[in-house]
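Spelled out, the chains give:
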Amino acid sequence: MRSRASSLLVALVLQTLALSTGVHAQSWITLNSGGDTNLRAISAAKIAATGHIAIWASGSHDVILRSLDDGATWTRLSIPGQPDLDFRGIVAFDDKTAYLMSSGQGDKSKIHKTVDGGIHWELQYTDVNSGFFLDSIACASPTNCFALGDPINGRFLLLQTTDGRRWNPLPPQNLPTALPREGAFAASNSNLLMVSDRELFVVTGAFAARVLHTSDAGKTWTASAVPIAADNATSGIFSITRSSVASLAAVGGDYANPNVGSRIAAFSEDQSKTWQPPAQQPAGYRSAVVSQDGPTLLAVGPSGSDISIDAGLHWKPFAASSLNALFALDAQHVYAAGPGGTVTEFQIAEPK
């Protein structure tokens, strides 16, 4: 069996060859742009009837975008009668079914669902409590989902549905305890990672950088400290992804100082028990990270994008586009969303 040291050496050599010589150049291909919206969430799913990919994106000023032809054309959807909502979370299962989450104080945070392609939206959950603020939504299936909210009375809020319709907070005794001034960031709909019906990871920020982990649907939690900047209210962990059963990567930093390239990322090789800083950091604050294909990771933020081919040990910048959110449907279809209604698709150039 190859040792960890030799594996990392091989990965480093491959990374140096691929990224320094440009044999496989990475880029983002623009699928949509324009409009007064900052897109914060993106999701995609195969359409069984056509073989095409449905891409859904959402953001500020009530904007919901959907493409049914792999991003060639786009339609703007809406929820009639709603105020100016900031849709920071979306989870799609096909061209018809999607959950949509808005963020904001009190009843500006809402969970909607459509089963007819956005013709009708059912309001499934909201709360008038001024402390109610939703940060992200994640699903393991069309009927089993969780939503993460800011701490209330010292505990992070977690809502769950097991039937795809009714949402309920976890019992107070099952909610993870927050540290003083600790919170979560509604930046890319990726600070809540749901890997099964029962296993979740939550990342935190604002004076703390921790990963909270449960393997029993929230009945019990463990917490681990992560070496990512968390010196003030604008810094911490913003996103987490998993590249294998035991390997995870997290990114963040300080969104008020996006060009600072220290303490941006970390990785774990033991199911989040311990975390280490990478040997080479991303170039600045990153709001989202995703596994493209096992150990190949992508990270994006306002100052650019980075790639790692060794599960987060080394990062290399490759594009300067400002992007907020990521979604990997599979190794060949990775999408990103950002300011100005921008939706892009990741592309690797074939060797010449």
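Scope of this entry: the structure provided in the associated data block. Everything numeric here is computed off the predicted structure, so don't read it as measured data.

1. Structural notes on the nonpolar core
At step 1: In terms of nonpolar packing, the biggest core is built from 15 residues, with Phe-146, Leu-148, Phe-156, Leu-158 and Leu-192 touching the most fellow members.
At step 2: Elements represented by at least two residues in this core include exactly strand S11 (145-152), strand S12 (155-161), strand S14 (192-194) and strand S15 (200-203).
At step 3: Ignoring any residue separated from it by four or fewer positions in sequence, one finds Leu-148 in contact with Phe-133, Leu-134, Asp-135, Ser-136, Phe-156, Leu-157, Leu-158, Ala-184, Asn-191, Leu-192 and Val-202.

2. So, the sheet that holds strand S24 (residues 316-319)
At step 1: Strand order in the open sheet made by the 4 strands is S21-S22-S23-S24, with antiparallel pairing throughout. Since the sheet does not close on itself, it has two edges, and those belong to strand S21 (288-293) and S24, each with one partner. Going across the sheet, the axis of each strand differs from the next one's by a mean of 30°, ignoring polarity.
At step 2: Inspection of the sheet shows S21 paired to strand S22 (residues 296-301) by 5 bridges, in the antiparallel sense.

3. With respect to the sheet that holds strand S6 (residues 86-92)
At step 1: Taking strand neighbours across the sheet as the criterion, the 4 strands line up as S6-S7-S8-S9 in an open arrangement whose pairing is antiparallel. With one partner strand each, in any of the chains shown, S6 and strand S9 (122-126) form the two edges of the open sheet. The sheet shows a mean angle of 20° between the axes of neighbouring strands, taken without regard to direction.
At step 2: By the bridge criterion, 5 bridges tie strand S7 (residues 98-103) to strand S8 (residues 110-114) in an arrangement that is antiparallel. In the sheet register, Met-101 faces S8, and the bridge partner there is Ile-111.

4. Some points on the side chain of Asp-216
At step 1: In this structure, Asp-216 sits in the loop between strand S16 (210-214) and strand S17 (222-225).
At step 2: For the buried residue Asp-216, which engages in no salt bridge, the nearest side chain bearing the opposite charge is Arg-198, 5.5 Å off.
At step 3: Engagement of the side chain of Asp-216 in a polar contact is seen with the side chain of Thr-220, the distance being 2.6 Å.

Parameters and conventions
Numbers given to residues run from 1 along each chain, matching the order in which its sequence is written. The predicted nature of this model means local features are confined to residues of pLDDT at least 70 and side-chain atom pairs, given and counted, to a pLDDT of 80 or more, with totals for whole chains, interfaces and linings taken over all residues. Where side-chain values are given, they derive from all heavy atoms of the structure, hydrogens and water being excluded. The definition of a nonpolar core used throughout is a set of buried Ala, Val, Leu, Ile, Met, Phe, Trp, Tyr and Cys residues joined through side-chain atoms within 4.5 Å. The classification of residues rests on relative accessible area computed with a 1.4 Å probe and restricted to protein chains. Under 20% of the type maximum is buried, over 50% is exposed, and intermediate values are partly exposed. Helix and strand definitions here come from DSSP, where helices need a minimum of 4 consecutive H or I residues and strands a minimum of 2 consecutive E residues; each element is numbered from the N-terminal end. Note on definitions: a residue-residue contact is assigned when non-hydrogen atoms from the two residues lie within 4.5 Å. Two strands form a pair only when DSSP identifies at least two bridges running between them. Axis lines are fitted to C-alpha atoms, over the contacting stretch for helices. Their N-to-C directions set the angle, which ranges from 0 to 180 degrees. Think of it this way: Lys and Arg go in the positive column, Asp and Glu in the negative one, and His and the chain ends go nowhere. Any carboxyl oxygen of Asp or Glu within 4 Å of a side-chain nitrogen of Lys or Arg constitutes a salt bridge here. Here a polar contact is taken to be a pair of N or O atoms separated by no more than 3.5 Å, where protein atoms must pair a possible hydrogen donor with a possible acceptor and residues adjacent in sequence count only if both atoms sit in side chains.

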